[in-house]
Amino acid sequence: MQVAGVHPDCGAIDRKREAHYIDCMTDKAETPGIGQEMERLEGQVEFLLDTLERLMKENRSLRAQQDTLSTERANLLEKHDMVRTRVEGIITRLKSMENGA
């Protein structure tokens, strides 16, 4: 008895034959070019993984650089405000000296 859609070598469930269904799944002939296609896809995946790793390192580096530059900018703004205050003080003293002279 053959079941529709079942490979004839696999047979139906028959304990006497002790058919190994795994054999039917693994004995498929590989289509020519599949191996080459798999190698090509593996190459693409490797390339993408390498690119991902490089971009992640670059991203970390850029974030660290951005943090450094942000800190430097904050320090420069603070110094700028201190200098402005000192210059305004000097201008005020000069005006008072001018008015007192």
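Predicted model, so just to flag it, every value in this text is computed and none were measured. Position numbers for residues count from 1 along each chain, tracking the sequence in the order it is written. Local features are withheld for residues below a pLDDT of 70 in this predicted model, meaning they are given only at 70 or higher, and side-chain atom pairs are given and counted only at 80 or more; totals for whole chains, interfaces and linings count all residues. Excluded from the side-chain calculations are hydrogens and water; all other atoms, namely the structure's heavy atoms, are used.

**As for the overall build of the protein**
Which entries qualify depends on this criterion: Numbering of helices and strands starts at the N terminus; helices are DSSP runs of H or I of at least 4 residues and strands are runs of E of at least 2. Burial here depends on accessible area, computed with a 1.4 Å probe over protein chains only, as a share of the maximum for the residue type. Under 20% is buried, over 50% is exposed, and the range in between is partly exposed. Reported accessibility uses the Shrake-Rupley method at a 1.4 Å probe radius. Residues are deemed covered only where the shown protein chains occlude them.
Within the protein, the regular secondary structure consists of 2 helices and 0 strands. Buried positions account for 3% of the 101 residues belonging to the protein. As presented, the protein carries roughly 9800 Å² of accessible surface, and 57% of it is formed by carbon and sulfur atoms.

**Brief notes about the side chain of Thr51**
What counts here: Definition of a polar contact: a pair of N or O atoms within 3.5 Å, with one able to donate and the other able to accept a hydrogen when the atoms are protein atoms, and with sequence-neighbouring residues admitted only if both atoms are side-chain atoms.
Tracing the backbone through its elements, the reader meets Thr51 in helix H2 (residues 34-100). Only 2.8 Å separates the side chain of Thr51 from the backbone oxygen of Phe47, close enough to count as a polar contact.

**Quick notes on a negative patch on the surface**
The criterion, for reference: Exposure above 30% relative accessible area and the lack of any salt bridge qualify a residue for a patch; like charges then connect within 9 Å, and the nonpolar side chains Val, Leu, Ile, Met, Phe, Trp and Tyr within 5 Å. Here, a salt bridge means any side-chain nitrogen of Lys or Arg that lies within 4 Å of a carboxyl oxygen of Asp or Glu. Neither His nor the chain termini are counted; the positive set is Lys and Arg, and the negative set is Asp and Glu. In plain terms, the charge of a residue is placed at NZ if it is Lys, CZ if Arg, CG if Asp and CD if Glu.
The grouping of Glu39, Glu42, Glu46 and Asp50 at the surface amounts to a negative patch. Residue placement: Asp50 occurs in helix H2.

**Details of the confidence of the model for the protein**
Reading fine detail from the predicted coordinates is not recommended where pLDDT is low. The criterion, for reference: Known as pLDDT, the predictor's confidence for each residue is given on a scale from 0 to 100. Any two residues having at least one pair of non-hydrogen atoms within 4.5 Å are treated as being in contact.
Across the protein, pLDDT averages 81, with 67% of residues at or above 70. Note that residues 1-8 has pLDDT below 50 and, in this model, 5 contacts with residues that lie over four places away or in other chains. For residues 10-15, every residue scores under 50 in pLDDT, and the model assigns this stretch 12 contacts once sequence neighbours within four places are set aside.

**Considering a nonpolar patch on the surface**
A cluster of nonpolar side chains, namely Val45, Leu49, Leu52 and Met56, defines an oily patch on the protein surface of about 360 Å² accessible area. If you trace the backbone, Leu49 turns up in helix H2. On the accessibility criterion, Leu49 (46% relative accessible area) is partly exposed.

**Observations concerning the pattern of salt bridges**
Applying the stated criterion across every chain, the model contains 3 salt bridges. With its nearest N and O atoms 3.5 Å apart, the salt bridge here joins Glu53 to Lys57. With Glu53 and Lys57 both in helix H2 and 4 residues apart, this pair spans about one turn of that helix. We classify Glu53 as partly exposed; its relative accessible area is 43%.

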